[in-house]
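Structural description and commentary
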Amino acid sequence: MATTNERDPSGKFVMEKTWEDVQRRTFTKWINSHLRKRNVAIETLKDDLADGIKLIQFLEIISNKTFPKYEKNPKIRIQKIGNLQAALKFIQDQGIRIVNISAEDICDANLKLILGLIWTIIQKFQIDQISEDGLSAKEGLLLWCQKKTNGYRDVGVKDFHLSWQDGLALCALIHSHRSYLIDFDSLNKEDKAKNLQLAFDVAETALDIPKLLEVEDMVDIKPDERSVMTYISQFYHVFSKYGQVEVAGRRLGKFADLNAQTEAMKDEYGNRARGLADWMDDSINKLNDRDFGNSLADIQTKLDNQNKFKFEEKPPKAVEKSDVEALFNNLTLKLKNNNRPAFTAPEGLSVEDLNKKWDHLNDAELDREAALRDELARQEKLAGIRRRFDDKAGRLEAWLAEKEKYLATDEPVHSINEAQSKLKNHDAFDEEYTKSRPRVDALHQLAEEIAQLKGADASDFTNRANDVDNRWKSLSQPQTTKRDDLNKKLAHQQMMDELRLDWAKQTKEYNGWNKETQNAVGNTYFGDNLEAVEAFNDDLNRSDANIQTAADEKKHNLDNLWNKMQEFGITENNYTPITNKDIEAKHNDLMEELSKRRAAYQSELDRQRHMEDKRKEWAVKAQEFVDSLNNRKNEIASLSGEPDELIAAVHNKYDSGKPENERLGVLTALQEEMAALGIRDNKHSVFTLPTLQLQNQKLNNYIRNLVALLQDEKELKEEFFNRVKAVIAWADQTTPTIKEFAFDNTLAGARNQRQEWNKYKTTIKAPKDVEKLNIEALFAKINQLLANGNRPNFNPTEDGSNLASIDKSWAALNAEENAREEAVNNELRRQEKVYSLVKRFNSDAEDLESWASEHEPHLKNQEPIDSLDTARLRAKFLAVFLNDLEAQNQPIETLKHLRDDIAKLNYKDVDSINHRVEKIDAAYNELRNLAQAKESAIKGSQDVEQEKENLRQEFAEKAKAFNRFVRDTNESINDHNFGYTLESVQAHRAELEKEDEAIKASASAKKTELDNLNTTMQSKHIQDNKHTNFSLNDISNLESQLNENINKRHVAYEAELKRQTENDAKRQNYAAKAQEFVDWIESQKESLGTLEGTPDERIHSTNNIHNNGENGKNKLAEISVIDHEMKAAGIFDNRYTPYTLPVLQTRNTQFDTSVRNFVSDLNEEKELNDREAAQQAEFAQKLAIQNKRVALSLAIQEISVFVENCYEVLTDSIECDSVEAVTALFKALEDVVHSVESQKDKYNSALSTAAELNESSEQITIRWNKLHQDIDTRRESLNKEHEKQQNNEKLRVEFAQSANEFNNYVNSTTAKINGLQGDLEAQLNELVHIKQEIVGGAAKLGEIDTLTQRINAAFITNNKHTNVTFPQLKAAYQQLNKVADVKEDVLQNEIIANKAKGLSTEQLNEYREMFQHFDKDKNAKLSHLELKSCLSSLGEDLQDSEIDKIYNTFGSAEGVTFEAFCDFMSKRAADTDSKDQILESFKLIAGGKDFVKEEDLRRCLPADKVASLLKNMPLYNSEAGCYDYRAYAEKSFVH
C-alpha cells in the first residue's frame, strides 16, 4: 500500500513509515499482551501464525473458550491449513464476519490480509464492547475520550490519528483519572516525543497498559488509526474499573432522594384520598334520592342530570381514583423495595376503603337509573293514552251530531230513480252506524287504561266516554222510521212505461235487421272462378226467397203492435220517433235491392267464361316449351367425336339458346294478356313464366359443363401423346448407340468398358424406365376420366403414339443392352484370366485386397434414398457391384491355384502365403455379407419408397377423383331450380339439406382419406409428388370451393325462397289489402248501420265515414299499385284471394250507391226525430242533475266514513320496544295509505260533481287534506321511532355478539390457564402470551362498557340475544386477570427461586407488582422508557447512559423480561440497597471515621442532596459539624 505524505512545520516532506509496519508492531504487541498469560509470544506476525498454533492459543485466551480438536504439531502444509481453517471457522462462530482471507493466505504469510484479520478480532473483543451515552465501538470510544479530556489545554480529540500526535491527549486522559501520575500543567505542546514517551511509560508502569506504540509511530507522520484505537481502548477498559467513590456517592444520593420522595408521596396520597372520599359520600346521598316529581318534564330533567353525572362528573373521578391507587402502590413498593418501614394510610382512606365506597357509588347509580327509566315509561304511556282518547272522542262527537241532523230531515222524491237513490243513501247510513260501535267500545277501553295507570284525571275520561255511548244508542229508532217513508214513495213512481218500451225495442230490432239485410244484398261477390259463379245461382235463389218471407213477417208483427198502442191511447213515445209509415218505406227499399243483385250476378258469369279460355291456351304453349327443352338436351347429348370437333358441334347445335328465347317471348306476351284480365291462377298447368325460365337456364348450365369436360379430355390426351413420342424417340435413338463399342485388348480397357456400361444403366436408362411407368399410369387416368364422363374409352392405334409402340421400342433396346452387357462381361473375364497368368501372386493379392478395401466403404455406407427412382437406381448400382463381386471369384480361385503352385515348390514362407489367401478369402466373404446386407437394406428402402410411391399415386388418383367429384358436384349444385311455388321451395329445403349433408359427408370422407394419406405421407417424409399438381391446400381449396358453392346454392335457395316468400307476401299483401278493402266496405256498412244519434249526427258521421267516396278511391289506388308490382314481378296468380282489381272496383261502386241511399233515408228520419230529441233532452237533463245530487251525497258520506276509519289507525299511540312493533304500525299506516289512494278517484269525482252542481265541497276538502297531513305526520313519527328501534336493535345485537364472544373468551382462557402443564419455563412463556391477549381484552371490555352505557342511555331494558350482562363480564374478566396473575406468580416464584440470589418471596411479589404496573403494553417486557420509569419509582435516579447499559446488559431487542429485572434488582439490592452498603458508603466517603462531615459529602454529592441528608441526620456526640451516619442508617431501615 502506498504511503501518505504530510508537510512538517519546516515545510519539508518526510516519508512516513507504511501503515503496515505500524500495524504489524502494534498488533504483535497486543497479541503478545494476551499470549503472555501462557508464556507464549510471537516475533514475526506473518510467520508465527502460519501453522495456526499460536493463533488458536490467542483465540482461546481472548474468547475465554476452549478450542475444538486441532493438530498441535503440524508438519506438513495440509495440517497447517487444517489448523488455520479451524481457527477461521471458530472466529466466524463468534459472530465475526471474515472477508477476502483464507487459511492459505495466512499460511502463505500474506501480511496485508493477516493485519485485516487481527483488526477484525480487535474490533470484536476490544472495541465493540465499548459503550458511551448510547454510542458504541469507535464512536463510543471517541466520545469517551472527548468527555474525559474536555477542558484540558491544547487538547481537542476529533479522531484517532492527528488528535493524538502531540501526546497531550494521552496525558490528559491519564490525568483525568489519576491526576497524581502526571503534572499536566508542565507539559509543552511542541515537545511531542517527550509527551508521548511520558504517557507510554506511565501507562505501562502505573496502569499496566502494554506499550503497543512507539514514539516514532506517532510524530512527524500521520498515526495509523487502527493502531491508535487499539492502544486507546486499553485505557477505556482500565479506567472503567475505577469509580468506587463515585458509586458510593451515587448510592448516598439515591438514599437521600428516596427519603425525600417517600415523604412527599405520603403527603400527596393523604390529600388526594380525602378529597375523593368526600366526593363519593356526597354523590351516593344524591343518587339515593327518589323524589322524581309527577310529570314527564320532571322525569326528563332528572334523566339529563343523571347522564351529566355519569358522563361528565364521574369519569374524571374514576381517573383520579386510579391515580391515587397507583400512588399508594408506588409508595408501598418503593418503601418495601428499599427496605423501608411500611406506610399506613389515614383511617378510612386506605385503598380498600376507597374501593368499597366506589362500589357503593356504582350500585347507587345503577339503582337510580332503573328507577328513572321505570317512571319515564309510565309518564310517556299516560300521555299517549290521553292524546288518543281526546282525538277519538272528538271525532265521535262530531259524527253523532251529523247523523242526528240527517235522521231528522224529511226527503222529497220526484222519480223512481230519485227514490231508489235515497234508499241507497239510507243503506249506507245503516252500515256506517253498525260499524261505528267498535269506536265507542275503544273509547271505554282507553278510559279504563287511564284509570289503571292511576291517572289523576281518570274520572273525567270515564264520564265523557259514557256520554258518547248514550248518544250513539239514541240513533236506532229514527233510523227505522226514515226507511219506511222512502219505500212508500218508490212504489208511487212505477206505472205504464212497458208499452212504449216494447214498441221502441221492436222497431229498433227491425231497423237493424233491414239495414243488415240491405248490406248483405249489396255484396255482389259470387265466386273467384267459373265453377264457383255457376254454383252460386242456387244460393242466390234461396237467399231471395228467405229475405222476402222474413221481411213480410216482421212487418206484419209491427203493424199489430202499432194498432195495440193506438188502442191504449198512446200518442207520444219518449223512447223512439219511429212510426208505422217509416216501417213501410224500409220494406220497399229492401225489395229494390234484391232486383239489383240479380242483374250483377249475370254480368259476373259472362266474365268468368272468357277468362277460362285464356287459361287453357297458356297450358298448351307452356307444355310445348318444356318438351322442346328436353328434346334439345337429348340431341346434344347424342353428339359424338373428339373434343375439338365435339365442342364445335355442341355450340352449333345449341345456337346460344335462340330458339328457347323466342318461345319465351310468346309466352311472356300471353302472360301479360292474362294478367290484364285479372287471371291469377291456372289449374290447367303447373308451369309459370319464372319456372319456364329456370328450365331454360338448366339447359344452359348443362351445355357449359359438357364443354368444360371435353376441354379436360383434350388436354390430357395431348400430354399422353407428347410423352409417348418423347420416350419412343429416345429409345429409337439410343438403340443404335448400344452397338457402338470396341475393346483395346487390355484389362484396364475392359474394366473401363464395364464402368461406362454401369454408368449408362444407372444414370441414363433407369430414369427412362421410370418415365415409361408414369406414362402407363397417365393412360389409366385418361380412361378413368372418360368413364366418369360416359365417354368412349381412349385406345390410340396409330403407331408411335400408344403403349404398344413403347413396348416395341423398349424390347429392341433391351435386346441390344443384353448383348452389350454379355460382351463386356466376356471380355472382362478374358482379360482377367490373362492377367492372372501374368501377374505374380502378390500382385494379384494386392489387386484383390485393394478392390475389397475400395468397395468395402461403399457397402458400409448407407446412402439416403428419398424416392422410388433413387431406390431403383441404388438397386441397379448394387446389381452391377454384385456382378463385379461375382467376377472376382475367378481371380480368387486363380490366386489359390498360384498358392498351390508355390506350395508345391516348397516355398519357405508358405505359411504367410496361406495366411494371406485366408485373409483375402475372409475379406471377400465379408464383402458378400455386406453386399447382402446392403441389398436387403436397399430392398427395404425400395419397399418403403415403393410404398411412398403407391401413396403418391393413391393421393394423386384420389386428388384427381376429388377434383372430378367437386367439378361434377358443382355442376349439380349450380342447378338452382328449387321449385315454382313457395310451398315447393319450402318443401325443397329438407331435400336440399339432405343433399348438402350427403355432399359434405362424401366430400369430408374423401377429404379425410386425402388428409389421412397426407398424414401418412408426412409421417414418411414425402414432400413431393410428380403424379399430381394437387397439394393438400388445393384439396382444401376445392373443398372450400365446394362448400362455397353449397353456400352459394343456399344463398340462391334463400334468395329464391325470399323471392317466392316476397312474391307470396305480395300475393298475401294484395289478398290482405283486397280483403281489408272488402272488410273495410263491410265495416263501413256496419258502421253506417250502427250509427247512433240524431239523423243530422248520423248524416254527418256518414259523410265523415264515406268522405264522398275518396276513402274507397284511395284504397283502390293503393291496391292498383300492388297489382301493377305483382305483374311486373311476373305474378299472375293468387290463391289467397278471389278478389281481382275489377271485382274490387265493382264492390266500391256498389258501396257508394248504398251510401247515397242511406243518407237519403236519414234525411227522411231527421224530421221525425226533431220533436223527440227536444223532449228527451229536457227529460235527460233533469234526470242527470237529480242523479248527480244523489251520487254526490252518497260519495261524501262514504268518504267521511272512510276518513273516520283511517283515524282509528292514525291516532293509535306509538309505544314500541322493538323493530317488529314499529314495522307492524308501518304496515297499518301503509294499509291506510293504500286505501286512501283507492279512494282518491271517488274524492276527485265528488269534487267535480259538486263543482258541476255548484254546491260547496269545503267541508270534505278540509277533512281530506287534513287526513293527508296527519298521514305524513304519522309517517314521520314512525320513521323516527323505526330509526330509534333499529339503533336499539343494533345495540342489542352488537352488545350480544361482543358479550357472548367475550364471555366465551374468558371461559376458554381460564380453562387454558388452568390446564397448563409441562416444563415451567414453557408454561410461563405460554402464560405470557395469554396475558398479552388478556391485556387486549381490556379494550374489548371497554368497548362493551361503552355499549352498556349506550344501551342504558337508550333505556333498553331487555335483550333477547344474550343473558350476559356487563357486570358479569367485568367480574369474570377481573377473575381471569386474578387467575393469570396467581398462575404467573406461582410459576415465576418457582422459576426464579433458584435464580434470585437471595430475594425473598415477599420481594419477588413486590417486584412483580411494580413490573406489571409499568408494563403498559402488557407484553411481559419493559421497554427502555418503561424500565427507566420503573427504576425511578424504586428510587434509582439513573442517567440515560446508565439505563442504556442496564438495558443492554439485562435486556434484548424486545425488552427486559421479569426474570432479567429480578436478576438486576437482586444485584442492585446487594450493591446499593442494604443498610450495610449505606454504612459502607458513608464510611468510605468519611475516610473511615465514625462520623461524616459536610465537606466529605460535598466531594461526591451535589449541594441539594447534601442538604437533604444533613437535614435528618443527628450530630455525632453533639459535636458540631460531625454527623452520626450510623444512627441515621439504623433509623431509616427496617430491622
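It should be emphasised that the depicted structure is a prediction, and the values quoted were computed from it without experimental measurement. (Residues numbered from 1 in each chain as written. Predicted model: local features only at pLDDT ≥ 70, side-chain atom pairs only at ≥ 80, totals over all residues. Heavy atoms only, no water.)

What to know about the overall build of the chain
To keep it simple, the criterion reads: A run of H or I in DSSP becomes a helix once it reaches four residues, and a run of E becomes a strand once it reaches two; helices and strands are each numbered from the N terminus. Taken over C-alpha atoms, the radius of gyration is set against a globule rule of 2.2 Å times the number of residues to the power 0.38. A simple rule labels every residue: compare its accessible area, found with a 1.4 Å probe on the protein chains alone, to the largest value its type can have, and call it buried under 20%, exposed over 50%, or partly exposed in between. Any two residues whose heavy atoms approach within 4.5 Å at even a single point are treated as in contact. Calculation of accessible area relied on Shrake-Rupley with a 1.4 Å probe; when residues are assessed, cover is drawn exclusively from the protein chains displayed.
Counting its regular elements, the chain contains 46 helices and 8 strands. In summary, the chain has a C-alpha radius of gyration of 68 Å against a globular reference of 36 Å for 1535 residues, an excess of more than 25%. C-alpha extents for the chain along the principal axes are approximately 175 × 170 × 70 Å. Going through the 1535 residues of the chain one by one, you find that 43% of them count as buried. Intrachain contacts of the chain at a sequence separation of at least 6 include 78% that bridge at least 24 residues. Roughly 80000 Å² of accessible area belongs to the chain as shown, and the carbon and sulfur atoms make up 49% of that amount.

Some words on the packing of aromatic side chains
Cut-off, in case you're wondering: Here a pair means two rings of Phe, Tyr or Trp (six-membered ring of Trp) with centres within 6.5 Å. Their orientation is stacked below 30 degrees between planes, edge-to-face above 60, and tilted elsewhere. Cation placement over rings: the criterion is NZ of Lys or CZ of Arg within 6 Å of the ring centroid and within 35° of the ring normal.
Applying the stated criterion across every chain, the model contains 32 aromatic pairs. When the centroid spacing of 4.7 Å and the interplanar angle of 45° are considered together, the rings of Phe67 and Phe90 count as tilted. Here Phe90 lies in helix 4 (residues 77-93) and Phe67 lies in the loop between helix 3 (53-63) and helix 4, a separation of 23 residues in the sequence. Exposure remark for Phe90: the relative accessible area of 8% places this residue in the buried category. Note on Phe160 and Trp164: the rings are 6.4 Å apart at their centroids and 0° apart in plane angle, and the pair reads as stacked. The two residues Phe160 and Trp164 agree in class, both being buried. Joined through ring pairs, the aromatic side chains of Phe720, Phe721, Phe779 and Phe794 make up one cluster. The ring of Tyr70 is capped by Lys72, whose NZ or CZ atom sits 4.4 Å from the centre of that ring. The ring of Phe1491 carries Lys1489 above its face, with NZ or CZ at 5.8 Å from the centroid.

Re the pairing of strand 8 (residues 1519-1523)
Consecutive side chains of a regular strand alternate in pointing toward one face of the sheet and then the other. Our working definition: One bridge is not enough; two strands pair if DSSP finds at least two bridges between them.
Sheet topology places strand 7 (residues 1515-1516) next to strand 8; 2 bridges connect them, and they run antiparallel. The residue of strand 8 that forms the bridge with Leu1515 is Tyr1523. Between the end of strand 7 and the start of strand 8, which pair antiparallel, lie 2 residues, with Asn1517 showing a positive phi angle near 50°.

Topic: the packing of helix 24 (residues 747-788) against helix 29 (residues 910-973)
The following threshold applies: Think of each axis as a best-fit line through the C-alpha atoms, taken over the contacting stretch in the case of a helix, with angles from 0 to 180 degrees between the N-to-C directions. Throughout this description, any angle smaller than 35 degrees is read as roughly parallel, any larger than 145 degrees as roughly antiparallel, any in the 65 to 115 degree range as roughly perpendicular, and the remainder as oblique. Each crossing is labelled by how the near helix is turned from the far one, with a counterclockwise turn of less than a right angle marking it left-handed and a clockwise turn marking it right-handed. Side-chain classes follow a simple rule in which Ala, Val, Leu, Ile, Met, Phe, Trp, Tyr, Cys and Pro form the nonpolar group, Asp, Glu, Lys and Arg form the charged group, and the remainder, Gly included, forms the polar group.
At a minimum axis separation of 12 Å, helix 24 and helix 29 run at an interaxial angle of 25°. As far as their axial angle goes, helix 29 and helix 24 are roughly parallel. Helix 24 and helix 29 meet at a crossing whose hand is right-handed. For the pair formed by helix 24 and helix 29, the contact residues are Lys781, Gln784, Leu785 and Asn788 on the first element and Ala956, Arg964 and Arg967 on the second. Of the residues assigned to the contact of helix 24 with helix 29, the class counts are 2 nonpolar, 2 polar and 3 charged.

A short note on the nonpolar core
Let me state the cut-off plainly: Working definition of a nonpolar core: buried Ala, Val, Leu, Ile, Met, Phe, Trp, Tyr and Cys residues. They are joined through side-chain atoms within 4.5 Å.
Grouped together as the largest cluster of nonpolar side chains are 80 residues, with contacts concentrated most on Ile121, Trp164, Tyr231, Ile232 and Phe235. Looking at which element gives the most residues to this core, the answer is helix 6 (residues 111-127), with 10 residues. The residues touching Tyr231, leaving out its near neighbours within four places in the chain, are Leu170, Ala199, Phe200, Ala203, Ile209, Pro210, Lys211, Leu212 and Leu213. Residues Leu1341, Ile1351, Tyr1373 and Ala1420 belong to the second largest nonpolar core, which totals 27 residues.

A short note on the pattern of salt bridges
Note the following rule: By definition here, a salt bridge exists when the distance from a side-chain nitrogen of Lys or Arg to a carboxyl oxygen of Asp or Glu is within 4 Å.
What the rule picks out here adds up to 71 salt bridges. The partner of Lys555 in a salt bridge is Asp559, and the shortest N-O contact between them spans 3.3 Å. Of this pair, Lys555 and Asp559 both sit in helix 19 (residues 530-567), separated by 4 residues, roughly a single helical turn. We note that Lys555, like Asp559, is buried. A salt bridge links Glu816 to Lys739; the nearest nitrogen and oxygen atoms lie 3.6 Å apart. In this pair, Glu816 is assigned in helix 25 (residues 803-838) and Lys739 in the loop between helix 23 (689-738) and helix 24, connecting sequence segments 77 residues apart. When salt bridges that share partners are traced, they join Glu268, Arg272 and Glu320 into one network.

Side note on the packing of helix 8 (residues 168-177) against helix 9 (residues 192-206)
Think of two packed helices as two axes; the pair is described by the angle between the axes and how far apart they sit. Interaxial distance between helix 8 and helix 9 falls to 8 Å at its minimum, and their mutual angle equals 35°. In this structure, helix 8 meets helix 9 at a crossing whose hand is left-handed. Side by side, helix 8 and helix 9 meet where Leu168, Leu170, Cys171 and Ile174 of the first sit next to Asn195, Leu196, Leu198, Ala199, Phe200, Val202 and Ala203 of the second. Looking at side-chain class alone, the contact of helix 8 with helix 9 contains 10 nonpolar, 1 polar and no charged residues.

With respect to the side chain of Lys392
Along the polypeptide, Lys392 turns up in helix 13 (residues 351-407). Taking the relative accessible area as the measure of exposure, Lys392 reaches 5% and is therefore buried. In contact with Lys392, other than residues within four places in its own chain, are Leu443, Leu446, Glu1208 and Thr1211.

Considerations on helix 17 (residues 476-491)
An α-helical turn contains 3.6 residues, so a residue and the one three or four places further along point in the same direction. Here is the rule: The directions from the helix axis to the C-beta atoms form the arc being described.
Of the residues making up helix 17, those classed as buried are Gln479, Lys482, Leu486 and Leu490. Burial along helix 17 is one-sided: seen end-on, the buried residues are contained in an arc of 75°. Facing away from the buried side of helix 17 by over 90 degrees, the exposed positions are Gln477, Lys488 and Ala491.

Some remarks on the confidence of the model for the chain
The condition that has to hold: pLDDT gives the predictor's per-residue confidence on a scale running from 0 to 100.
For the chain, mean pLDDT is 80; residues scoring 70 or higher make up 92% of the total. Confidence drops under pLDDT 50 across residues 1-17; counting only partners more than four residues distant or on other chains, this segment forms 25 contacts.

Comments concerning helix 10 (residues 225-239)
The line we're drawing: Take the number of residues in a helix, subtract one, and multiply by 1.5 Å to get its expected span.
With 15 residues, helix 10 extends 21 Å between its outermost C-alpha atoms, agreeing within 8% with the 21 Å of an ideal straight helix rising 1.5 Å per residue. Of all 15 residues that make up helix 10, 11 are buried, and the element is covered over most of its length. For helix 10, the complete set of buried residues consists of Ser227, Val228, Met229, Thr230, Tyr231, Ile232, Ser233, Gln234, Phe235, Tyr236 and Phe239.

Considerations on the environment of Glu369
By the element assignment, Glu369 lies in helix 13. Once the C-alpha coordinates of Glu369 and Leu287 are considered, the two residues, 82 residues apart in sequence, prove to be 9.1 Å apart. Beyond its immediate chain neighbours, meaning those up to four positions away, Glu369 contacts Gln306, Lys310 and Asn1352.

Focus on unusual backbone geometry
Among all residues save glycine, negative phi is the norm, and among peptide bonds the norm is trans. Positive phi, normally seen in glycine, also occurs at Asp208, with a value near 60°. Relative to the elements of secondary structure, Asp208 occurs in the loop between helix 9 and helix 10. In this structure, Asn1517 is a non-glycine residue whose phi angle is positive, near 50°. Secondary-structure assignment places Asn1517 in the loop between strand 7 and strand 8.

Thoughts on the state of the cysteines
The line we're drawing: Our working definition of a disulfide is a cysteine sulfur pair at a distance within 2.5 Å.
If you walk through the whole model with that rule in mind, you get 0 disulfides. No disulfide involves Cys145; its sulfur sits 14 Å from that of Cys171, the nearest cysteine. The class of Cys171 is buried, set by a relative accessible area of 0%.

Comments concerning the side chain of Asn1148
Here Asn1148 is to be found in helix 34 (residues 1141-1210). Sequence-distant contacts of Asn1148, defined by excluding residues within four places in its chain, comprise Phe1077, Trp1080, Ile1081, Gly1112, Lys1113 and Leu1116.

Considerations on the environment of Ala451
Note that Ala451 resides in helix 15 (residues 437-452). C-alpha separation for the pair Ala451 and Ile121, spaced 330 residues apart in sequence, amounts to 100 Å.

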